[in-house]
Amino acid sequence: MRAPLPTHHNVVVVGGGQAGLSASYHLKRHGIDHVVFEKNRIAHTWRSQRWDAFCLVTPNWQCLLPDFPYTGPEPRGFMPRDEIVAYVEAFARSIDAPIREGIAVTRIARGEEGFLVETSEGGVTADAVILAVSAYHVPNIPAMAANVPEGIVQIHSSAYKNPAQLPPGKVLVVGSGQSGCQIAEDLHLADRPVHLVVGSAPRCPRFYRGRDAVEWLDDLGQYEITVEEHPLGEKVRRNANHYLTGRGGGRDIDLRRFASEGMVLHGRLTGIENGHLEFGDDLARNLDAADAVYNGICGLIDRHIADKGISAPEGVHYSPVWQPGAAVHSLDLAAAGITSIVWSTGFRSDWSWVDLPFLDETGYPAHRRGVTNEDGLYVVGMPWLWTWGSGRFLSVGRDAGFVVDHLADRQITGRRRPPVRMAV
């Protein structure tokens, strides 16, 4: 029988992934009483919302949870899904995290002193709350999906597991971000005919001039650039991640090569009517833009090598291996033999359960480095919380440390701190 919840904690952490567990590590370091509520299981997203062949895009050496770096035999490899889950679970055990699995937080509000936290097993109060639930809450499936004819299987990328789960026939993958490109590759490698809707996501080389591009970018300090230093400022948080893969030891994802091997590429999906897909005339532009980013990264590395006098093999910038023909603006689903659609269209946030005015005009938590304008309320584990590495194993622990240090100082001083200036 589960032990009843205490009526009060100094800190409630919501979310039992790497961000929430990192917060727990630092709270323990400060000797602060806390609990971690996880509505499912530790590492739930890694466990249940990744496909069978999923692996990290970043190399294992970047897995740097607090005092728990990757120590396996392949630091330059890319952990598959089940190893990622095992890594997070082992971290939780190593810190003896006070985690309560299977308890959902349903509402957070102000109380007379601190916060009221309502859960699926009753309410507790807290002096401070750390939201460690990322920003990816609800699968974002476009409204046009309602116009897809009956009989065509539709799933979101978070529910995709393997090619065998889809019925025989051609598959339409909508979206060319990291998930969409990797799922399209997974299907392509299984000899499933694929149509891929290509958006504006950029691409990155996997290896260049003798090293993983991530190693070069790390040397260049790219993962340390803060959101306030970035030319786009807070708008960078809306940027799509570069697509590449760690599968098979790591490699580029080249949509043009896939097209030369039979994958059918389309411009942006603009509508679905009467069993017909409608596409924009932007396929060539999207492919060119992705390649320009790829070669821009190569150029950045070239300049670094030249400036530092580093001895490295010569590098070759990417040249297109395929060019699209005349744009196809409409496609009959039935005539094309498409029997299933994978919506790789991302997620939207749902903060409706946080009954506090902590969101900005776009619905994003207003914060600076995880410290919100709501005294005692914090966020961790979000992309570009502070740096490019914030949403990764690389820097999530450091972000959590900053947040907990701020929280600890707040509690020690015994007074409410003034709101933190938001980045502009």
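### Some points on the nonpolar core
If you look at the biggest cluster of nonpolar residues, it comprises 66 residues, and the most contacted ones within it are Trp46, Ile130, Leu255, Leu265 and Phe393. Take this core: its biggest share by element is seven residues, from helix H3 (residues 81–95). Setting aside chain neighbours within four positions, we find leucine 265 in contact with Leu196, Val198, Leu255, Ala259, Leu283, Leu287 and Trp322. Among the nonpolar cores identified, the runner-up in size contains 25 residues, and Val124, Leu131, Val354 and Val379 belong to it.

### Some details on the sheet that holds strand S18 (residues 330–332)
Taken together, the three strands give an open sheet; going across it, the order is S16-S17-S18, and neighbouring strands pair in antiparallel fashion. Unpaired on one side and paired on the other, strand S16 (269–273) and S18 mark the two borders of the sheet. On average, adjacent strands in this sheet sit at an angle of 20° to one another, irrespective of strand direction.

### Here's the deal with the confidence of the model for the protein
Summing up the model confidence of the protein, the mean pLDDT is 95 and the portion of residues at 70 or higher is 97%. When the criterion is pLDDT under 50, residues 415–424 qualifies, and its contacts beyond four places in sequence or with other chains add up to 22 contacts.

### Remarks on the layout of surface pockets
Estimates place the volume of the second largest pocket at around 190 Å³. Taken together, 17 residues line the second largest pocket, and the ones lying closest to its centre are Leu265, Leu283, Ala326, Ala327 and Val328. Listed by contribution, the elements that provide at least two residues to the lining of the second largest pocket are strand S15 (264–266) and helix H7 (283–308). For the lining of the second largest pocket, the leading source of residues is S15, giving three residues. Here the residues of the lining of the second largest pocket sort into eleven nonpolar, four polar and two charged.

### Some points on empty space enclosed by the protein
Applying the stated criterion to the full structure yields two cavities of 30 Å³ or more. In this structure, the largest cavity occupies an estimated 40 Å³ of space. Lining the largest cavity, in full, are Trp51, Ala53, Phe54, Cys55, Gln182, Glu185, Thr245 and Arg247. A class-by-class count of the residues in the lining of the largest cavity yields four nonpolar, two polar and two charged. In this structure, the second largest cavity encloses a volume near 30 Å³. Lining the second largest cavity are Arg203, Tyr243, Ile253, Asp254, Leu255, Arg256, Leu287, Ala290 and Asp291. Secondary structure elements with two or more residues in the lining of the second largest cavity: helix H6 (255–260) and H7. When residues of the lining of the second largest cavity are assigned to their parent elements, the largest contribution, three residues, is made by H7.

### Quick look at the pairing of strand S1 (residues 8–14)
With five of seven residues buried, S1 is to be regarded as a mostly interior element. Note: S1 against strand S8 (residues 122–131), six bridges, orientation parallel. Counted as the bridge partner of valine 14 is leucine 131 from S8. Pairing analysis gives four bridges linking S1 to strand S2 (residues 34–38), with the strands arranged parallel. Looking at the pairing, valine 11 lines up with histidine 34 of S2. In this view, the connection linking S1 to its parallel neighbour S2 by way of helix H1 (residues 18–29) has right-handed handedness.

### Things to note about the packing of aromatic side chains
A full pass over the atoms with the stated rule returns eleven aromatic pairs. With a centroid separation of 5.7 Å and 50° between ring planes, the pair formed by phenylalanine 68 and phenylalanine 91 is classed as tilted. With a gap of 23 residues between them, phenylalanine 68 in strand S4 (residues 68–69) and phenylalanine 91 in helix H3 connect regions that are remote in the sequence. On the basis of an interplanar angle of 75° and a centroid distance of 5.5 Å, the ring pair of tyrosine 87 and phenylalanine 393 is categorised as edge-to-face. Taken as a pair, tyrosine 87 in helix H3 and phenylalanine 393 in the loop between strand S23 (377–379) and helix H9 (396–413) lie far apart in primary sequence, 306 residues in all. Given the relative accessible area of 7%, tyrosine 87 is considered buried. Among the residues examined, phenylalanine 393 registers a relative accessible area of 5% and is labelled buried. Feature note: the residues Trp46, Trp51, Phe54, Phe68, Tyr87, Phe91 and Phe393 constitute an aromatic cluster, connected by ring pairs. Sitting over the face of the ring of phenylalanine 402, arginine 369 holds its NZ or CZ atom 4.1 Å from the ring centroid.

The rules we used
- Residues numbered from 1 in each chain as written.
- Predicted model: local features only at pLDDT ≥ 70, side-chain atom pairs only at ≥ 80, totals over all residues.
- Heavy atoms only, no water.
- Core = buried A, V, L, I, M, F, W, Y, C linked by side-chain atoms within 4.5 Å.
- Buried < 20%, exposed > 50% of the residue type's maximum accessible area, 1.4 Å probe, protein only.
- Helix = DSSP H or I, 4+ residues; strand = E, 2+ residues; numbered from the N terminus.
- Contact = heavy atoms within 4.5 Å.
- Pairing = 2+ DSSP bridges.
- Axes fitted to C-alpha atoms, helices over the stretch in contact; angles between N-to-C directions.
- pLDDT = per-residue confidence, 0-100.
- 1 Å grid on protein atoms, 1.4 Å probe; cavity = no way out; pocket = protein on both sides within 12 Å on 5 of 7 lines; lining within 4 Å.
- Points joined across faces, edges and corners; volume = space filled by probe spheres on them.
- Nonpolar A, V, L, I, M, F, W, Y, C, P; charged D, E, K, R; others polar.
- Right-handed = clockwise from strand over helix to strand, strands pointing away.
- Phe/Tyr/Trp six-rings, centres within 6.5 Å; stacked < 30°, edge-to-face > 60°.
- Lys NZ or Arg CZ within 6 Å of the ring centre and 35° of its normal.

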